[in-house]
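Residue-level listing of the chains:
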Amino acid sequence: MIEQNYDAIVVGSGISGGWAAKELAEGGMKVLLLERGENVEHITGYVNALKAPWEIPHRDTLTNLIREEQPVAARDYVIQESNANYWVKDRESPYVEKKPFDWFRGYHVGGRSLMWGRQSYRWNPFDFEANKKEGVGVDWPLRYEDMAPWYDHVESFAGISGSLEGLPQLPDGKFLPPMELNCVEKDVAARIKAHYQDRRRMIIGRVANLTVPHNGRNNCQYRNKCDLGCPFGAYFSTQSSTLPAAVRTGNLTLRPLSIVTRILFDRDRRRATGVEVLDTETRQTTEFRSKVVFLCASAMASAWVLMNSATDVWPGGLGSSSGELGHNIIDHHFRAGAGGEVEGFEDRYVFGRRANGFYIPRFRNLFGDKRDYTRGFGYQGTASRKGWERDVAEVGIGAPLKDALCEPGAWEIGMTAFGEILPNHDNKVELDRTRTDKWGLPILSFDCEIGPNEKRMRVDMANDAAEMLEAAGVRNVKPYDRGYAMGQAIHEMGTARMGHSPKTSVVNKHNQVWDAPNVFVTDGACMASSSCVNPSLTYMAMTARAAAFAIGALRKGDV
Amino acid sequence: MSASGTGRAHGGRADPAAISRREAVRRIALLLGGAMVGSQAYLSGQPVPGKASPGFTQGELALMDEIGETIIPATDIPGAKAAGIGAFMAMMVTDCYDDRHHAAFREGLSGIEAAARERCRKPFLECSREERTALANALDAEQRADQGKRGKDATPHYFRMMKELSVLGFFSSEIGCTRALRYIEVPGSFNGNYPYRKGDRAWF
């Protein structure tokens, strides 16, 4: 069955897909937005968002049922009872781990834009130059100057709160007023600044939560329940932001429950003609036609679509001619840092639940610093008073325990680094055609791990954190390295990297697949390196930039 | 996406958003030092889901109510029993514990009865409040001393499970959140330098 034609088909409705749909629809394109999962309506679909803690039966503990259905998600902290509905049912969509890989997925309209951490940082100019300078991976065919106007563009719409710092390694942007460090964080920040003569700085996180009303959306209410969906629309998600904008144009058709199984390819024209969709309700297969396809299914799923679009022209999948499709998986390695206890401030507390923490921008291997590894890391953390969950060793049970736990405990502070991972051809994902998922589709098989550069960096990630906290007067400081598995930061990227040449990369500088230039890959798949900052803002900017190019090309008939 | 948040004793949640609510459950694990009871098997990658979960008897529910009330008693604020702690424990053990922990918890109910008979020469429910408190304090000392001694994969001392469930069940209940602690559904603003006087309640 062949359905009607569109100007553009967007595959995936997460952060990247939402942006593609908005930009293309606002540019006058007739857009079909395909999402493999079900719809989650803004506000009314956030079923647990307004429940009190005691209305969550197991008080957010994972039940045996959740663990059985979602064994991968249950490996880490991200899933709880109250948001389990937003995480994929792993049992239905299995994958192979030749080496450990945490693949945390959200299969519904909005994708992981509903549950993301919302930390939003620009890359710096050095990030785009590092591959070339070091001869690692491939050189980015674009530079910070190419991206800066698009960062402006997406920040202005999405609403990113943050402070202007004037740091070359963390460029300022079009920010809403910053959130506030708490009193202990301010004190530690001042001591770090003094101790390191401002070469290291602790700032409030730059976060996609509105601190003032913005574009018709409400400001943050400091509930810290973002990952349940925000009934105030106060953080950036597809639902709160890009989807309504796309819908307003009248140019958007949203089709949930639609797994894109492959991109249709015209071998004579060397162009995609549309996509094949499996309707997960009816199990019917339908072909949709379009002039361009935007692949925004998430780094791994976009790679899957390309691989599963193999033809006799490209037996390794569409975009496989370079031999790089599915290779060069990167993420951020983390879970190394330090924590400690803070004395004093017993007469200070906080009001409100701030869904944000502090950030320490990268300082390693910059401005003359030279380590035994390349690239660097930034820290994220929080100071807070201990709560009712703490151990009170000096009392047993009964009224003394109850009374003690009714009051807050001492202040503590902790942070973890997020470190850059170098691209490496050997880190790859492949299609395993011998195994299938619930829908009879072949599944992905992961084979990747961190290398010596990351392992050396982790030593600094723990020690530098401890050193800074000690310099700031924090007591009982303990560095830690709790280990890391690829994918765990949920910043997975790199499977269809961008480059200068069709011989060594999958997409060009406009995110066009070299082998089919009317296919654009704008999610994390296109990343040729990872920087050490959270990637979503860059996906937004990259997508908006590629969409503008695609609109121009379509108008000129160039694509 | 972001962040770590696995444990908080020594810091870092990679996701600064992952603060109180999300971490409450993980942190309760730290209350008594270690992973959340019942989760060890999963964390080690060998899921053993709890399938055998015959219901608890009325007698057991009453016993769990009184154990919870002994751990978190009514003061000027109602205690764990008023928060429905017996039913909460039964639900948690049935729905969230794996079979081994479930069995260890049930053995613990007999264990606490045996301890009451040995110490007080009568069933736990017939003990006075003072007797129950003394017994529970002794068991708490026992579980605390016991912690370092058990193997990594061993089930914890039963009283540790009871204490953990009582603290979690009480402080996350409506009474716990709104009377023992303070909870505001929609704070609307943030103040990072808010005055605190000794005796002020903690936020949930």
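Look a little higher up for the structure.
Throughout, a residue's number is its position along its own chain's written sequence, starting from 1. Think of it this way: whatever chain is written first is A, whatever ligand is written first is 1, and the rest follow in order. Residue-level local features of this predicted model are given only where pLDDT is at least 70; pairs of side-chain atoms are given and counted only at 80 or more, and the full residue set underlies all totals for whole chains, interfaces and linings. Only hydrogens and water are set aside; all other atoms, that is, all heavy atoms of the structure, feed into the side-chain values.

Engineer: Account for the overall build of chain A, with residues named and values stated.
Structural biologist: Put simply, DSSP H or I for four residues or longer makes a helix, DSSP E for two residues or longer makes a strand, and each gets a number counted from the N terminus. A tally of regular secondary structure across chain A gives ten helices and 21 strands. Values of the radius of gyration come from C-alpha atoms, whereas the globule rule sets the reference at 2.2 Å times the count of residues to the power 0.38. Taking 24 Å as the expected radius of gyration for a compact globule of 559 residues, we find that chain A reaches 23 Å, a close match to that expectation. Over its C-alpha atoms, taken along the principal directions, chain A stretches across nearly 75 × 55 × 45 Å. A total of 559 residues make up chain A; the buried ones form 69% of that total. In this description, accessible areas are obtained by the Shrake-Rupley approach with a 1.4 Å probe, and a residue is regarded as covered only by the protein chains that are shown. When the accessible surface of chain A is split by element, carbon and sulfur atoms take 49% of a total near 18,100 Å². Throughout this description, buried means an accessible area under 20% of the type-specific maximum (1.4 Å probe, protein chains only), exposed means over 50%, and partly exposed covers the range between.

Engineer: Lay out the overall build of chain B in plain terms, naming residues and giving numbers.
Structural biologist: Within chain B, the secondary structure is distributed over eight helices and one strand. Listed by position from the N terminus, the elements making up chain B come as α-α-α-α-α-α-α-α-β. The 204 residues of chain B split such that 58% are buried. Pairs at least 24 apart in sequence give 56% of the contacts found in chain B among residues at least 6 apart. In the form shown here, chain B has an accessible surface area of approximately 7,900 Å², with 53% of it arising from carbon and sulfur atoms. Note on definitions: a residue-residue contact is assigned when non-hydrogen atoms from the two residues lie within 4.5 Å.

Engineer: Residue-level account of the interface of chain A and chain B, with values.
Structural biologist: Taken together, the contact between chain A and chain B spans 96 residues of the former and 92 residues of the latter. For any pair of parts, buried area is found by adding up, for both, the accessible area (1.4 Å probe) each one loses once the two are put together. For chain A, the biggest contributors to the area lost against chain B are Tyr77, Phe351 and Trp388 of chain A; these three give 12% of the whole. Counted as salt bridges are all cases of a side-chain nitrogen of Lys or Arg within 4 Å of a carboxyl oxygen of Asp or Glu. There are four salt bridges connecting chain A and chain B. Notably, a salt bridge pairs Lys198 of chain B with Glu407 of chain A, separated by 2.6 Å at the nearest N-O pair. As used in this structure description, the phrase polar contact means that two N or O atoms lie within 3.5 Å; if the pair is within protein, one of them must be able to donate a hydrogen and the other to accept it, and residues adjacent in sequence are counted only when both atoms belong to side chains. The tally of links between chain A and chain B comes to 27 residue pairs in polar contact (both at pLDDT 80 or more). Residue assignment for the side of chain A that touches chain B shows that the elements contributing at least two residues are helix H2 (64–69), strand E12 (336–342), strand E13 (348–351), strand E15 (377–385), helix H8 (399–406), strand E16 (411–420) and strand E19 (475–481) of chain A. Each residue receives one of three labels: charged for Asp, Glu, Lys and Arg, nonpolar for Ala, Val, Leu, Ile, Met, Phe, Trp, Tyr, Cys and Pro, and polar for the others, Gly being one of them. Residues that form the side of chain A that touches chain B fall into these classes: 40 nonpolar, 27 polar and 29 charged.

Engineer: Help me get a handle on the side chain of Thr416 of chain A, residues and values and all.
Structural biologist: All names here are of chain A. Here Thr416 lies in strand E16. Residue class for Thr416 comes out buried when judged on its relative accessible area of 0%. A distance of 3.3 Å separates a polar side-chain atom of Thr416 from the backbone oxygen of Ala336.

Engineer: Any details on the environment of Arg105 of chain A? Residues and values, ideally.
Structural biologist: Residues and elements named next belong to chain A. Within the secondary structure layout, Arg105 lies in the loop between strand E3 (96–97) and helix H3 (125–134). Taking the relative accessible area as the measure of exposure, Arg105 reaches 4% and is therefore buried. Along the sequence, Arg105 and Trp87 sit 18 residues apart, while their C-alpha atoms lie 5.9 Å from each other. The contacts of Arg105, once residues within four sequence positions are left out, are Tyr86, Trp87, Val88, Asp90, Ser93, Tyr95 and Arg112.

Engineer: Describe the pattern of salt bridges, and please don't skip the residues or the numbers.
Structural biologist: Pairing is possible between side chains of opposite charge, provided their charged atoms come close. All chains considered together, the criterion is met by 50 salt bridges over all chains. A salt bridge links Lys225 of chain A to Glu185 of chain B, with the shortest nitrogen-to-oxygen separation between them at 3.5 Å. Of the two residues, Lys225 of chain A sits in the loop between strand E6 (203–204) and helix H6 (238–248) while Glu185 of chain B sits in the loop between helix H8 (174–180) and strand E1 (191–195), which places them in two different chains. The network of salt bridges with shared partners includes Arg364, Asp369, Arg371, Asp460 and Asp464 of chain A.

Engineer: Tell me about unusual backbone geometry, residues and numbers included.
Structural biologist: Residue and element names in this part refer to chain A. Even without being glycine, Arg270 reaches a positive phi, approximately 55°. In this structure Arg270 comes out as partly exposed when scored by relative accessible area, which is 37%. One non-glycine residue, Ser298, adopts positive backbone phi at about 100°. Its place among the elements puts Ser298 in the loop between strand E10 (285–295) and helix H7 (299–307).

Engineer: If you had to explain the packing of aromatic side chains to someone new, which residues and values would you point to?
Structural biologist: A ring pair, where both rings are aromatic, is described by two values, the distance of the centres and the angle of the planes. Residue and element names in this part refer to chain A. Between rings of Phe, Tyr and Trp, where Trp is taken as its six-membered ring, a pair exists when centres lie within 6.5 Å; planes separated by under 30 degrees are stacked, by over 60 edge-to-face, and by other angles tilted. Counted under the stated rule, the structure contains 33 aromatic pairs over all chains. Look at Phe128 and Trp140: their rings are 5.7 Å apart centre to centre, the planes differ by 75°, and that puts the pair in the edge-to-face class. Taken together, the residues span a long stretch of sequence, with Phe128 in helix H3 and Trp140 in the loop between H3 and helix H4 (144–158) at a distance of twelve residues. The same class applies to Phe128 as to Trp140, namely buried.

Engineer: Go over the sheet that holds strand E17 (residues 428–436) of chain A, please, and point to the residues and values.
Structural biologist: Residue and element names in this part refer to chain A. The rule for pairing is simple: two strands pair if DSSP sees at least two bridges between them. Reading across the sheet, the three strands line up as E3-E18-E17 and stay open at both edges, with mixed pairing between neighbours. Among the strands making up the open sheet, the edge pair consists of E3 and E17. Examined bridge by bridge, E3 and strand E18 (residues 442–447) share two bridges and lie parallel to one another. Paired with Val96 across the bridge in E18 is Ser445.

Engineer: Could you give an account of the environment of Arg545 of chain A, naming the residues involved and the relevant values?
Structural biologist: All names here are of chain A. Among the secondary structure elements, Arg545 is positioned in helix H10 (residues 536–556). Owing to a relative accessible area of 11%, Arg545 belongs among the buried residues under this scheme. Residues Arg545 and Cys406, spaced 139 residues apart in sequence, show a C-alpha to C-alpha distance of 52 Å. Dropping the residues within four chain positions of it, Arg545 is found in contact with Leu142, Asp146, Met147, Trp150, Lys509, His510 and Asn511. Within polar-contact distance, the side chain of Arg545 engages the backbone oxygen of Lys509 at 2.7 Å.

Engineer: Tell me about the pairing of E10 of chain A, residues and numbers included.
Structural biologist: Residues and elements named next belong to chain A. Taken across its eleven residues, E10 has eight buried, putting it largely inside the fold. Summarising the sheet, strand E9 (residues 271–279) and E10 pair through five bridges and their orientation is antiparallel. Its bridge partner being in E10, Val277 is matched across the sheet by Thr286. Taken together, E9 and the strand that follows it, E10, pair antiparallel across an intervening segment of five residues, in which Arg283 is found at a positive phi of about 65°.

Engineer: Can you tell me about the side chain of Asp200 of chain B, naming the residues and giving the values?
Structural biologist: In this structure, Asp200 of chain B sits in the segment after E1. The sign given to each residue is positive for Lys and Arg and negative for Asp and Glu; His and the chain ends receive no count. Of the side chains with opposite charge, Arg197 of chain B comes closest to the buried, unpaired Asp200 of chain B, at an N-O distance of 4.3 Å. Among all residues touching Asp200 of chain B, those that are not within four sequence positions of it are Cys406, Glu407 and Pro408 of chain A together with Arg182 and Pro195 of chain B.

Engineer: Any details on the packing of helix H1 (residues 15–26) of chain A against H6 of chain A? Residues and values, ideally.
Structural biologist: Two quantities define a packed helix pair, namely the angle between the axes and the distance from one axis to the other. Residues and elements named next belong to chain A. As a rule, the C-alpha atoms of each element are fitted with a line to give its axis, helices using only the stretch in contact, and angles between N-to-C directions run from 0 to 180 degrees. Remark: H1 packs on H6, axes separated minimally by 7 Å, with the N-to-C direction vectors making an angle of 25°. Taken as axis vectors, H1 and H6 run roughly parallel relative to one another. Considering only the axes of H1 and H6, their crossing is left-handed. Taking contact as the criterion, the partners of Ile15, Gly18, Trp19, Ala21, Lys22, Ala25 and Glu26 in H1 are, on H6, Thr238, Thr242, Ala245 and Ala246. In the contact of H1 with H6, the residues fall into six nonpolar, three polar and two charged. Angles are sorted into four bins: roughly parallel if under 35 degrees, roughly antiparallel if over 145, roughly perpendicular if 65 to 115, and oblique for all others. A clockwise turn of the near helix away from the far one marks a right-handed crossing, whereas an anticlockwise turn of less than a right angle marks a left-handed crossing.

Engineer: Which residues make up the packing of H1 of chain A against H4 of chain A, and what are the values?
Structural biologist: Residues and elements named next belong to chain A. Where H1 meets H4, the closest approach of the two axes is 13 Å, and the angle between their N-to-C directions is 100°. Our classification of the angle between H1 and H4 gives roughly perpendicular. Seen from H1, the contacting residues are Trp19, Lys22 and Glu23; seen from H4, they are His153, Val154, Phe157 and Ala158. Split by residue class, the contact of H1 with H4 holds four nonpolar, one polar and two charged.

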